[in-house]
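Listed below, chain by chain, are the residues.
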Amino acid sequence: MAGTLIDVPKTAKRGEIIRLRALVAHPMETGYRREITGAVIPRLIIHTFTCDYDGEEIFRAELFPAMAANPMIAFTTIATKSGPVTFRWIDDAGAIITEKVMLNVTE
Amino acid sequence: MSSPSSKPCGNPLPKASDGVSRRAVLLTLAGGTAALLAPPIHAEPDDMAKAIHEFTGGISPQKGRIKIDVAPLVENGNSVAIAVIGESPMRAEDHIRTIALFNEKNPQPQVARFHLTPRSGTARVETRIRLATSQHLVAIARMSDGSLWSDEVEVIVTIAACTEE
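Residues numbered from 1 in each chain as written. Chains lettered and ligands numbered in written order. Predicted model: local features only at pLDDT ≥ 70, side-chain atom pairs only at ≥ 80, totals over all residues.

Here we look at the overall build of chain A
For clarity, the cut-off: Helix numbers and strand numbers start at the N terminus; a helix is a DSSP run of H or I with at least 4 residues, a strand a run of E with at least 2. Here exposure depends only on C-beta density: within 10 Å of a residue's C-beta, 20 or more other C-beta atoms make it buried, 12 or fewer make it exposed, and intermediate numbers make it partly exposed, the C-beta atoms being placed from the backbone. Here the contact rule is simple: place C-beta atoms from the backbone, and any two residues whose C-beta atoms are within 7 Å are in contact.
Of the regular secondary structure elements, chain A holds zero helices and eight strands. When the helices and strands of chain A are placed in sequence order, the string is β-β-β-β-β-β-β-β. Here the C-alpha coordinates of chain A stretch approximately 60 × 20 × 20 Å along the principal axes. Sorting the 107 residues of chain A into buried and exposed places 32% on the buried side. Taking the intrachain contacts of chain A between residues at least 6 apart in sequence as the baseline, contacts between residues at least 24 apart amount to 60%.

This is the structure we're talking about:
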């Protein structure tokens, strides 16, 4: 299981804009590097990142080899109601990494 | 993360336990020479123009309503902190749908595409990217009304990302 680091406030007021920050451990191998023998190291990157909250997808990113290793993405959303915030990363090998955190929304 | 092959910039090295044969040495030398002679992999500025054309469908974006926030001089191209900030009320009737980020001189012109919704609240996305060399970056925002807005910055890189080893 790949390591993830999620930074989401534990509580927020309804209507408040909160910052969500998600990092996953991944080499993001570009496919342009070579072994010392000259063989190309095959591309293996996370190509899709999504975030679901309160019943729908609130953020999606398509990523390319120009993203740094261990990709970090921070974005914002409006706190609507208490519930899980789900982050999902999908890589070229088809591996899916999922992380869920609970957000408590107060009136 | 201590094995030689996990070094971000180094060639994977043979393990110390491997016996070094004459064949291995020759192969290594041959491979290294081939790597040196291989043409450099860099996107041409034209490639960025093509990628932008593919995203915009040939419509020229207007300047403004999107801003790239990145240090003008970065030491390490392997991890460059960058933010794209859109100017938008982010309401259902008027919001930024997609922000696309392009580079001029990495092997591929695309960096990332971020898809936002009215529930985003703001159009601010932060991330870290690789820059193979000093170059221009372009961000283009597509609004909910279909209009396109852009920003362009130049970044000087002192230590490049190793995109080709």
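Moving on from the model shown.
Points about the environment of K10 of chain A
Residues and elements named next belong to chain A. Mapped onto the elements, K10 comes out in the loop between β1 (4-7) and β2 (11-13). According to the C-beta neighbour criterion, K10 is exposed, with 8 such atoms within 10 Å. Considering only alpha carbons, one finds K10 and T106, 96 residues apart in sequence, at a separation of 11 Å.

Notes on the pairing of strand β5 (residues 96-103) of chain B
Residue and element names in this part refer to chain B. Spelled out, the test is: Two strands pair if DSSP finds at least two bridges between them.
Of all eight residues that make up β5, six are buried, and the element is covered over most of its length. Pairing of β5 with strand β8 (residues 135-143), which is carried by seven bridges, proceeds in the antiparallel orientation. Bridging across to β8, T98 finds its partner in R142. Of the strand pairs in this sheet, β5 and strand β6 (residues 110-115) are connected by five bridges, and their pairing is antiparallel. What sits directly across from L101, in β6, is A112. Where β5 folds back on β6, the antiparallel hairpin that results is connected by six residues.

Notes on the environment of A81 of chain B
Residues and elements named next belong to chain B. One can find A81 in strand β4 (residues 80-86). Note on A81: 14 C-beta atoms within 10 Å, which makes it partly exposed. Distance in space between the C-alpha atoms of A81 and A141 is 19 Å, their sequence separation being 60 residues.

Details of the environment of Y53 of chain A
Residue and element names in this part refer to chain A. Relative to the assigned elements, Y53 resides in strand β4 (residues 46-53). For the pair Y53 and F87, spaced 34 residues apart in the sequence, the C-alpha separation amounts to 9.1 Å. Aside from chain neighbours lying at most four places away, what touches Y53 is I58, T77 and V85.

A short note on the confidence of the model for chain B
Do not read the fine detail of predicted coordinates wherever pLDDT is low. Residues and elements named next belong to chain B. Defined as follows: As a per-residue quantity, pLDDT reports the predictor's confidence and falls between 0 and 100.
Mean pLDDT over chain B stands at 83; residues scoring 70 or higher make up 71%. Counting interchain partners and residues more than four positions distant, the pLDDT-below-50 stretch residues 1-8 has seven contacts. Here residues 10-17 is modelled with pLDDT under 50, and outside its nearest four sequence neighbours on either side it reaches nine contacts, counting other chains as well. The complex model carries a pTM of 0.84, and its ipTM stands at 0.96.

Digging into the sheet that holds β1 of chain A
Put simply, the rule reads: The axes are straight lines fitted to the C-alpha atoms, using for helices just the contacting stretch, and the angles between their N-to-C directions are given from 0 to 180°.
Taken in spatial order, the six strands make up an open sheet running β1(A)-β3(A)-β6(A)-β7(B)-β4(B)-β2(B), and their pairing is antiparallel. Every interior strand has two partners, whereas the edge strands, β1 of chain A together with β2 (66-70) of chain B, have only one. On average, adjacent strands in this sheet sit at an angle of 15° to one another, irrespective of strand direction. Of the pairings in the sheet, the one linking β4 of chain B to strand β7 (residues 123-129) of chain B comprises seven bridges and is antiparallel in character. Within β7 of chain B, the residue paired with I85 of chain B across the bridge is R124 of chain B.

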